[in-house]
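A look at the structure
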Amino acid sequence: MLRKTVGIVPASQDDIDVEPAGKLSETTENPGCLLCGSALEVILSGLTDNRLGTPGSYEIRRCLRCGLEQTFPVPTLSELTELYETHYNFGGESETLYTKLRERFLFSFLYRVWTWLDGDVAFHQRRGTGQLLDIGCNEGCGLRFFARNGFRAEGLELNENAAKVARKAGFHVHTCPLEEFAPVAGYDVAVLSNVLEHALQPRQMLMDVHRVLSRGGQVWISCPNSESWLRKAFGRSWINWHVPFHISHFSTGTLRELLNETGFAQVEVGQITPAWWVAQSLIACLFAKHGRKTWQLRNPFLAPLLLIMARFVLFPALWLGNRYGHGDCLLVVATRT
Ligand SMILES: [Zn+2]
């Protein structure tokens, strides 16, 4: 189902608008809403992978009842596994000039200044104590920050190769699926940094997070905001469609409701618009070609240049977007009841 080849549709103000309201997805091919099972309507079609160039064309469908937006078709678990193993992280890119510069930047004083200015999308600057589980910890970059900031940090990562890298750095990393993970004691914090939108079953994921947390423990979530003004501005080039890897596209309302339903309270939602995300949308808009990796996203000169431009030239627009509920990223902290 991911093999259909469709030419990329250039984004313009004319072709990014939603399709006529009320166009319901066919019952035969409509699995229903991921959260409530209700019917979906197609709101955007012709989306392709503008980061990694995986094949296929996708739609965004919106639930008529709860409003959750979701990618269609939804890849099966085995298809997703293959896609992640073959394509994600730019095929396991390492030791390139880009990755070396990124590593130096992340662990420099400059990064602390930058996150203060730009927003802390991965919770790298939060200090605290207690047992923390970083779900989808990848190679353990976040774990290094969490440990440095006072937490006893562990990871959960399905990719064995990534887990090995994190273990080499001294961290305890579990490699079983979250639904099978049964810790001896509950965690004080569970981190879902740009993870929940990738889940095939987001409700189940939050129920499992609830299960592994202690009472009063917190979940920290960051994910793209489906009500972002950048989505309108960039149309199909918006980097956060990220098909087929992003399955759900949350708004403040849908995420808050899901958290309440799965046993979380005191849901605090903030918004930021990372300049890096703006830069990536710009690069995708300028360079993405269907079926090809957009290597310019890893250009060690162009990417930082656009990032700095986005931060310092567009800052009034970014600030206003965040202020009025249309920032690019949702930052959520919720407490387990
Ligand atoms: Zn629904």
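Structure report, in brief.

Cut-offs applied
- Residues numbered from 1 in each chain as written.
- Predicted model: local features only at pLDDT ≥ 70, side-chain atom pairs only at ≥ 80, totals over all residues.
- Heavy atoms only, no water.
- Helix = DSSP H or I, 4+ residues; strand = E, 2+ residues; numbered from the N terminus.
- Buried < 20%, exposed > 50% of the residue type's maximum accessible area, 1.4 Å probe, protein only.
- Contact = heavy atoms within 4.5 Å.
- Areas by Shrake-Rupley, 256 points an atom, 1.4 Å probe, with all protein chains shown as cover.
- Donors = N, O, S within 2.8 Å, 3.2 Å for Na, K, Ca; no water.
- Tetrahedral: all angles 85-135°; square planar, octahedral: opposite > 155°, others 65-115°.
- Expected span 1.5 Å × (residues − 1).
- Arc of directions from axis to C-beta.

Concerning the overall build of the protein
Helix and strand counts for the protein stand at 11 helices and 11 strands. Across the 337 residues of the protein, 52% fall into the buried class. Sequence separation of at least 24 residues holds for 71% of the intrachain contacts in the protein that already meet a minimum separation of 6. Of the accessible surface of the protein, which amounts to about 15,800 Å², a share of 56% is contributed by carbon and sulfur atoms.

A short note on the coordination of the zinc ion
Looking at the zinc ion, the protein donor atoms are C33 (SG), C36 (SG), C63 (SG) and C66 (SG), and they sit 2.2 to 2.3 Å from it. Geometry at the zinc ion is tetrahedral, judged from its four donor atoms and the angles of 95 to 124 degrees they form at the metal. In the primary structure, the donors to the zinc ion are separated according to the pattern C-x2-C-x26-C-x2-C. Of this pair, C36 sits in the segment before β1 (40-47) while C63 sits in strand β2 (residues 58-63), and the two are 27 residues apart along the sequence. Exposure remark for C63: the relative accessible area of 3% places this residue in the buried category.

Notes on helix α10 (residues 302-313)
Under the 1.5 Å per step criterion, the end-to-end length of α10 is 16 Å for 12 residues, consistent within 8% with the ideal 16 Å. By the burial criterion, the buried members of α10 are A303, L306, L307, A310 and R311. Viewed along the axis of α10, the buried residues span an arc of 130 degrees, placing them on a single side of the element. Facing away from the buried surface of α10 by more than 90 degrees, the exposed residues are L305 and V313. Residues of α10 that are buried sit in contact with α3 (109-118), α9 (275-287) and α11 (315-323).

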